[in-house]
Amino acid sequence: MQAGREGGAPGIEMSNPDKTTDTKARALSAWLAAVVAVLALLAANVAWNDVNQDEGWYLYAARQVRAGRLPFLDFASTQGPVLPFVYACFDPVVRGLGVLGGRVVTALFGLAAIVSGSVLASRLASPGRRSLASFVAFVLVGVNVYQAAFFSSVKTYALCSLFLTCGLAVLIDSARRASRSRLGFFTAGLLLGVAAGTRLSAAGTVPVAALWLLVTGAGRERAVSVGVFVLGAFLAAVGIFGPFAVGAPDALMFGLFQYHAGRSVGGIASVAYKAGFLSRVVHAYFVPACVAVALLAARFFCRRPDVAARSGVSSSAGLWLVWCVIALITAVHFLAPFPYDDYQVFLAPAMAGVLGAGCARFLAAQGVGRRAEGLAGGLVFIFCVAAAFSSPRNQEWFAAPRDRIWWPLRKASALSVLRDTAGTVRSLPQRGEVLLTQDTYLAVEAGMSVPSGLEMGPFCYAPDMPRERAERLHLLNREMMLELLRSAPAEYAAFSGYGLAIRSPEIVPLAAHEYEDLRRALESRYVRTGVVPLFGQAGTELELFRRAGAGVESPHRAGALGRPGAPINP
């Protein structure tokens, strides 16, 4: 006969205690292999993933909060304030390990988000099939190089995903209970409100969830459920955004809305970017996309009566909720002036949850046995491993930029280059505590600060903004940037290809004459002393400068970074 209980992951038919033991052993082996694969991908990306400018200013923002300064009130920010406050708790780790410490913390949040997606799948699956749903969801989102890369990079994705997915799981679990837990609804609203405070595009989840509660509820309890849920989300929003809306309304509106809307892309370029967004998302999540297409096809060609929950809201209604949330937020991302594919990263655990539950529900509806379930789960795992093994991102860990027909190997990972460069900066004579740079991850790694106004790194320069407004928003216009370059309280300066190169909020390259004006201002006070090739994001060249008149050796005789006589580009 077939097993009537759940086994941990893929199961097989059982008719005696020996087969029960064998099933548990297979389930444990499957989960162990999946966990090892997920941890290996996260660890590899923590160590070898390219560094990103965002990592610097998110970690620097957290350090500022730790020091008593606040986003929007004291420095510019373009996302909700939750991340810097959370990461401020881990600033001692970052001070000890640098960006690596921030990545370790992020990877732990990412792992928790992956697990929450697996839990969500179990809440959405038919009774008796939840173990398979959890397993499939876990591997779909966890055994993915792309997901691991962004779940180990210091960005808002891992933290937002954790709050969002946990909020959805708590909401669905509360709604399915016959008692419809009011505390559960309040907690769900609170979690989804905090997710929006981490990344604003997650805010659409709250109205969708409130409408879902109205549609699926019954009687007087429906109004109570919606009210308690909305109360939790409202309190989270007021607590997170209220102080900044009162104290710095202009900076808050600019950072959360106007900055992102300031990018203007029109015509054929807009169509190309949006088509590219869809293409890259499918490429990044190819196995989940195939599973989604297969389930959609099966819905029309292999229809059988489904198995619903026996009380409360059916798991089928929960599936509709999560799909609606994913569709709404994806539409918001798609309509952005420049839609980056990684915007979708924080939705991946929820997406894996509904796909895992969908697989389990379909197999249950077809009446297949546990052995077939085990085969299905194993095939999904194998396909995920194959996709991860074939990802082009793996080559990027070890290969330097292509030289005609050759692929030279990296001498060190991007993170190692950053750490080595920061170590050199720390050893420079009379370095002080301030580094004039827009590469904030170098300042974070070196344990130094940047001048006020540079907290957002390469995105802090708004040349055409009136001075009064630039000061309110904690940005630099042209006049303020020229003044800073000529009088910064820093012995040393460091600029990569991202420095003095980007105009905000349009996020377009500076015109050549604008760059030359800034460069002349910099060189009126600083002398270039060395370079680091293939530094940081995109492997641009980092130039190091020292204040003129401080006994600086000619840059053409020796490099402060690297070997003496290191090449200096004109």
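Residues numbered from 1 in each chain as written. Predicted model: local features only at pLDDT ≥ 70, side-chain atom pairs only at ≥ 80, totals over all residues. Heavy atoms only, no water.

Moving on to helix α9 (residues 182-198). Along an α-helix, residues three or four apart share an orientation, since each turn contains 3.6 residues. Relative to the 24 Å expected for 17 residues at 1.5 Å per residue, α9 spans 24 Å between its end C-alpha atoms, a close match to the ideal helical length. The element α9 is largely enclosed, with a buried count of 12 among its 17 residues. Those residues of α9 lying buried are Gly 184, Phe 185, Ala 188, Gly 189, Leu 191, Leu 192, Gly 193, Val 194, Ala 195, Ala 196, Gly 197 and Thr 198. (Helix = DSSP H or I, 4+ residues; strand = E, 2+ residues; numbered from the N terminus. Expected span 1.5 Å × (residues − 1). Buried < 20%, exposed > 50% of the residue type's maximum accessible area, 1.4 Å probe, protein only.)

On the surface, a cluster of nonpolar side chains totalling about 500 Å² of accessible area is made up of Leu 190, Val 230, Leu 231, Phe 234, Leu 235 and Val 238. If you tally residues by element for the nonpolar patch, the top one is helix α11 (residues 219-247), at five residues. (Patch = residues over 30% accessible without salt bridge, like charges linked within 9 Å, V, L, I, M, F, W, Y side chains within 5 Å. Areas by Shrake-Rupley, 256 points an atom, 1.4 Å probe, with all protein chains shown as cover. Salt bridge = Lys/Arg side-chain N within 4 Å of Asp/Glu carboxyl O.)

Let us look at the pattern of salt bridges. According to the stated counting rule, one finds 28 salt bridges in the structure shown. Among the ionic pairs, Asp 54 bridges to Lys 155, the shortest N-O distance being 2.8 Å. Of this pair, Asp 54 sits in helix α2 (residues 53-66) while Lys 155 is found in the loop between α7 (145-150) and α8 (157-176), placing the two residues 101 residues apart along the sequence. A single burial state applies to Asp 54 and to Lys 155, both of which are buried. Among the salt bridges present, the one from Arg 63 reaches Asp 91, with a minimum N-O distance of 3.3 Å.

Let us now look at the pairing of strand β6 (residues 540-547). In this structure, strand β2 (residues 492-495) lies alongside β6, joined through four bridges in antiparallel fashion. The residue of β6 that forms the bridge with Ala 493 is Phe 545. Here strand β5 (residues 526-535) runs beside β6; their pairing, made up of seven bridges, is antiparallel. When the sheet's bridge partners are listed, Tyr 526 is paired in β6 with Arg 547. Between β5 and β6, which pair antiparallel one after the other, the connecting turn spans four residues, and Gly 536 there sits at a positive phi close to 65°. (Pairing = 2+ DSSP bridges.)

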